[in-house]
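# Reading the structure
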Amino acid sequence: MIGIISYLTFFLTITAVLAIAVLGLNLQWGNTGIFNGGVVAFFGTGAYVMVILAGPERAGEFGGFGLAWPLAMIGGALGAGILAFIVGLATTRLRHDYLAIATFGIAVAVEVFARNATFWTGGAKGIRGFERPLEAFISNPFVYGLFYLTIVLAVILLVYLALERLVRSPFGRLLRAIREDETAARSLGKYPARVRLQAFVLGAIIMGLAGGLYATFYAFISPQDLAPILTFQIWAMLIVGGAGNNRGAIAGTFVVWGCWVASGWALSSFAPADVQIYAGTLQYILIGLLIVGMLLAKPRGLLPEKLAVSTHSFEPVTPAKATQAS
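Here's what I pulled together on the structure shown here. (Residues numbered from 1 in each chain as written. Predicted model: local features only at pLDDT ≥ 70, side-chain atom pairs only at ≥ 80, totals over all residues. Heavy atoms only, no water.)

### Comments concerning the overall build of the chain
Selection rule: Secondary structure counts use DSSP, requiring at least four H or I residues in a row for a helix and at least two E residues in a row for a strand, with both numbered from the N terminus. Summary of the burial criterion: residues with accessible area below 20% of their type's maximum are buried, those above 50% are exposed, and those between are partly exposed, where the area comes from a 1.4 Å probe applied to protein chains only. It only takes one pair of heavy atoms within 4.5 Å for two residues to be counted as in contact. Each accessible area is a Shrake-Rupley result for a 1.4 Å probe, and residues are judged covered by the shown protein chains and nothing else. Residues scored as positive are Lys and Arg, those scored as negative are Asp and Glu, and His as well as the terminal groups of each chain are ignored. Note on charges: their place is set at NZ of Lys, CZ of Arg, CG of Asp or CD of Glu.
Within the chain one finds 14 helices and two strands. Expressed as lengths along the three principal axes of its C-alpha atoms, the size of the chain is roughly 85 × 45 × 40 Å. Within the chain, buried positions represent 47% of all 326 residues. Within the chain, contacts between residues separated by at least 24 positions form 78% of all contacts whose residues are at least 6 apart in sequence. For the chain, the accessible area works out to roughly 16700 Å², and carbon and sulfur atoms hold 70% of it. Averaging the coordinates of the 21 positive side-chain charges in the chain and doing the same for the 14 negative ones gives two points 9 Å apart.

### Examining the layout of surface pockets
As a reminder of what qualifies: Site definitions follow a grid-based scheme: protein atoms alone, a 1 Å grid, a 1.4 Å probe that fits but cannot get out for cavities, and for pockets an open set with protein on both sides within 12 Å along at least five of seven lines, plus lining residues having an atom within 4 Å of a point. Grid points are joined across faces, edges and corners, and a volume is the space filled by probe spheres set on the points. Note on residue categories: nonpolar means Ala, Val, Leu, Ile, Met, Phe, Trp, Tyr, Cys or Pro, charged means Asp, Glu, Lys or Arg, and polar means any other residue, Gly included.
Taken as a whole, the largest pocket holds about 450 Å³ of empty space. Among the elements that line the lining of the largest pocket, the one with the most residues is helix H3 (residues 69–91), at six residues. Tallied by class, residues from the lining of the largest pocket come to 17 nonpolar, four polar and no charged.

### Points about the pattern of salt bridges
We count it as follows: The working definition used for a salt bridge is a side-chain nitrogen of Lys or Arg within 4 Å of a carboxyl oxygen of Asp or Glu.
Tallying each qualifying case throughout the model produces eight salt bridges. The closest approach of N and O atoms between Arg186 and Glu182, which form a salt bridge, is 2.9 Å. Here Glu182 and Arg186 lie together in helix H8 (residues 182–187), a separation of four residues that amounts to about one turn. Owing to a relative accessible area of 15%, Glu182 belongs among the buried residues under this scheme. Through salt bridges with shared partners, one network takes in Arg58, Glu61 and Lys125.

### Side note on the packing of helix H2 (residues 39–54) against helix H10 (residues 229–241)
What counts is decided by this rule: For helices, the axis comes from a line fit to the C-alpha atoms of the stretch in contact; other axes are also lines fit to C-alpha atoms, and the angle between any two N-to-C directions lies between 0 and 180 degrees. An angle below 35 degrees is read as roughly parallel, one above 145 as roughly antiparallel, one from 65 to 115 as roughly perpendicular, and any other as oblique.
Where H2 meets H10, the axes come as close as 8 Å, and the angle between the chain directions of the two elements is 110 degrees. Judged by the angle between their axes, H2 and H10 are roughly perpendicular. Contacts between H2 and H10 involve Val39, Val40 and Phe43 from the first element and Leu230, Thr231, Ile234 and Trp235 from the second. Here the contact of H2 with H10 is composed, by residue class, of six nonpolar, one polar and no charged.

### What about helix H1 (residues 2–31)?
Quick reminder of the rule: Given a helix with a known number of residues, its expected span is that number minus one, times 1.5 Å. Here the bend at a residue is taken as the angle between two axes, fitted respectively to the seven residues that end there and the seven that start there.
Between the first and last C-alpha of H1 there are 41 Å, a value that for 30 residues agrees with the 44 Å anticipated at 1.5 Å per step. Along its length, H1 shows its largest kink, about 35 degrees, at Leu25. Trailing H1 by a residue or two, Gly33 shows a phi angle of about 80 degrees, which is positive.

### Remarks on the packing of aromatic side chains
What counts here: Centres within 6.5 Å are what make two rings of Phe, Tyr or Trp a pair, Trp counting through its six-membered ring; a difference in plane orientation under 30 degrees is then read as stacked, over 60 as edge-to-face, and the rest as tilted.
For the structure shown, the criterion picks out 17 aromatic pairs. Consider the rings of Tyr7 and Phe10, whose centres lie 6.2 Å apart with planes at 40 degrees: the pair is tilted. Placement of the pair is Tyr7 and Phe10 together in helix H1, with a separation of three residues, close to one helical turn. Overall, the relative accessible area of 43% leaves Tyr7 in the partly exposed class.

### Some remarks on the side chain of Gln233
Relative to the assigned elements, Gln233 resides in helix H10. Residue Gln233 is classed as buried on the basis of its relative accessible area, which comes to 8%. Apart from residues lying up to four places away in sequence, Gln233 is in contact with Val256, Trp257 and Trp260.

### A short note on the environment of Phe254
Secondary-structure assignment places Phe254 in helix H11 (residues 246–270). Separated by 236 residues in the primary sequence, Phe254 and Leu18 place their C-alpha atoms 9.1 Å from one another.

### Details of the nonpolar core
The criterion, for reference: Joining through side-chain atoms within 4.5 Å is the link that ties buried Ala, Val, Leu, Ile, Met, Phe, Trp, Tyr and Cys residues into a set, and such a set is a nonpolar core.
Core analysis: the biggest nonpolar cluster contains 83 residues, and Leu23, Met50, Trp69, Tyr148, Leu213 and Ile221 have the highest contact counts within it. Counting residues per element, this core draws most heavily on helix H9 (residues 192–218), which supplies 13 residues. Not counting residues up to four positions away in its chain, the partners in contact with Met50 are Trp69, Ala72, Met73, Gly76, Phe130, Gly212, Ala215 and Thr216.

### Some points on the environment of Ala219
Here Ala219 lies in the loop between H9 and strand E2 (220–221). Note on Ala219: relative accessible area 19%, which makes it buried. For the pair formed by Ala219 and Ile138, sequence separation is 81 residues and the distance between their alpha carbons is 15 Å. Non-local contacts of Ala219, meaning those with residues more than four positions away in its chain, are made with Ile127, Arg128, Gly129, Phe130 and Arg132.

Below, the structure is given as structure tokens:
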């Protein structure tokens, strides 16, 4: 029984961490229309910066600041935001496929840097030895897993509530206006490029926060964690759940990650040995089929965006009514 609960705890923790990254992407794409093909770059930056700030000293390598975990998490999120600001200055004016190619190139550049800049990132071996928060006081791995799951659920709740408040604010309505018709927004005196940059940076900060939680959970980060497949998975979660809806983003994360884990278990348990060597490829195909099926059945996702509709009724003003009103 404890083993089942431990696995569910592990599954829920990873799913919740990924859901935070999906919420960041939903702010960029679902609310603003920014196609970010380099999600993993900001996710990984948050993870690396957090571990460097909070981790122990490493001989011949950068780091060892030993900051408190909350400060390191903030530093990691801000690191992702700074990278997004630099990237956004050059890319947020691009559109559609041009923006996707540019941001994907950033993700590749970050992965190559992490793999080769040994002094900064530990190179291919990554960075390990990070002491997780309060781990010294909670020695039981089972109890600590439940404790850390509580932290992650608290973070995703705070992020969700903050984003719900943001998208219902005038700024959120401005984001959707720019998404729908940037020219019309500009004609009303708005500055779409500036607003798109703000949304891009804020979404990247949320992704960096997710990366920091991910690295904390494993107490390890390496270039293997920055593989492009992570960007594909996060996009799949948003598409399946419903772009523009924060609840849909979270629901899509559970559905896609659940299918990913279940398909891996099924292939390893029931597939012939000569087929299991293609398990990774088969998983990609299954997730691709899931996305195609969802687009055919429910193009807007499981929980599509619900735009507010005015309930006021408008009546033509007749001369008689005008006289009465006066």
